[in-house]
Amino acid sequence: MIVCSCQSVSDFDIELALLDILNQPEAPIPTPGVVYRHMQKRMQCCGCAPLAVDVIYAKLEDLERRGLVCPYLSVSTRERLSRIQLQLGKQPVPAGDPALCE
Ligand code: FES
């Protein structure tokens, strides 16, 4: 599934990036900006940011279920992603807002 048409990012690309990111020591919270930077891509219109958060969240759960990422790391990551989802749900941010790309 294509998540970002501007940068041709698929859900599988995001899954591979998450595996790399979450298995680093001192792994950062995988926000869309972190994931895209890891893939050496940069969001342009940021219209995919809400879908990217949903895909990151779903992939995180899947990777945890498959034992490919530490469940303790996943808990804090999920909490942070939930806050981002809430923020996106409560206050729709214009597609071009750079805050979505962080
Ligand atoms: S659709 Fe992803 S940056 Fe435009």
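Before any of the text, the structure's been laid out above.
Only a predicted model underlies this, so the values are computations on that prediction, with no experimental measurement involved. (Residues numbered from 1 in each chain as written. Predicted model: local features only at pLDDT ≥ 70, side-chain atom pairs only at ≥ 80, totals over all residues. Heavy atoms only, no water.)

1. Side note on the overall build of the protein
Heads up, the rule is: To qualify as a helix, a DSSP run of H or I must reach at least 4 residues; to qualify as a strand, a run of E must reach at least 2; elements of each kind are numbered from the N terminus. Only protein chains enter the accessibility calculation, which uses a 1.4 Å probe; a residue is then buried when its area is under 20% of its type maximum, exposed when over 50%, and partly exposed in between. The criterion used for residue contact is that any of the two residues' heavy atoms lie within 4.5 Å. Per-residue and other accessible areas were derived by the Shrake-Rupley procedure at a 1.4 Å probe size, with only the shown protein chains allowed to occlude residues.
When you go through the protein residue by residue, the secondary structure sums to four helices and two strands. Residues counted as buried form 39% of the 102 residues belonging to the protein. The long-range fraction of contacts in the protein, counting pairs at least 24 apart against all pairs at least 6 apart in sequence, stands at 60%. Counting only carbon and sulfur atoms, one obtains 54% of the accessible surface of the protein, whose full area is about 5,900 Å².

2. Observations regarding the pattern of salt bridges
Counted only if it meets this: Salt bridge, as used here, is a side-chain nitrogen of Lys or Arg placed within 4 Å of a carboxyl oxygen of Asp or Glu.
Following the criterion strictly, the structure yields five salt bridges and no others. Note that Arg66 is salt-bridged to Glu15, the shortest N-O span being 3.1 Å. Here the residue Arg66 occupies a position in the loop between helix 3 (49-65) and helix 4 (71-90), and Glu15 occupies one in helix 1 (residues 11-22), the gap between them amounting to 51 residues. Linked through salt bridges whose partners overlap, the residues forming this network are Asp11, Glu15, Lys59, Asp62, Arg65 and Arg66.

3. A closer look at the nonpolar core
What counts, and what does not: By convention a nonpolar core is built from buried Ala, Val, Leu, Ile, Met, Phe, Trp, Tyr and Cys residues, the set being connected through side-chain atoms within 4.5 Å.
Ranked by internal contacts, the top residues of the largest apolar core, which has 25 residues, are Ile14, Leu18, Val35, Tyr36, Met39 and Met43. The set of elements that each furnish at least two residues to this core consists of strand 1 (2-4), helix 1, helix 2 (32-38), helix 3 and helix 4. The greatest single-element share of this core, amounting to seven residues, is contributed by helix 3.

4. Structural notes on the side chain of Ser10
For Ser10, the position within the fold is in strand 2 (residues 9-10). Take Ser10: its relative accessible area is 15%, and that puts it in the buried class. Not counting residues up to four positions away in its chain, the partners in contact with Ser10 are Met1, Ile2 and Val3.

5. Let's talk about unusual backbone geometry
Residues other than glycine seldom take positive phi values, yet Ser8 does so here, at roughly 50°. Topologically, Ser8 is positioned in the loop between strand 1 and strand 2. Of note in this structure, Gln40 is not a glycine but carries a positive phi near 55°. Within the secondary structure, Gln40 is located in the loop between helix 2 and helix 3. The exposed category is assigned to Gln40, whose relative accessible area is 76%.

6. A look at the packing of helix 1 against helix 3
Threshold: Angles shown run from 0 to 180 degrees and are taken between the N-to-C directions of axes, each axis being a line fitted to C-alpha atoms and, for helices, limited to the stretch in contact. Note on angle classes: values under 35 degrees are labelled roughly parallel, values over 145 roughly antiparallel, values of 65 to 115 roughly perpendicular, and the remainder oblique. Left-handed describes a crossing in which the near helix is turned anticlockwise from the far one by less than a right angle; the clockwise case is right-handed.
Where helix 1 meets helix 3, the closest approach of the two axes is 10 Å, and the angle between their N-to-C directions is 60°. Taken together, helix 1 and helix 3 sit at an angle that is classed as oblique. As for how helix 1 packs across helix 3, the hand of that crossing is right-handed. Facing helix 1, whose interface residues are Asp11, Ile14, Glu15, Leu18, Leu19 and Leu22, helix 3 presents Val55, Ile56, Lys59, Leu60 and Leu63.

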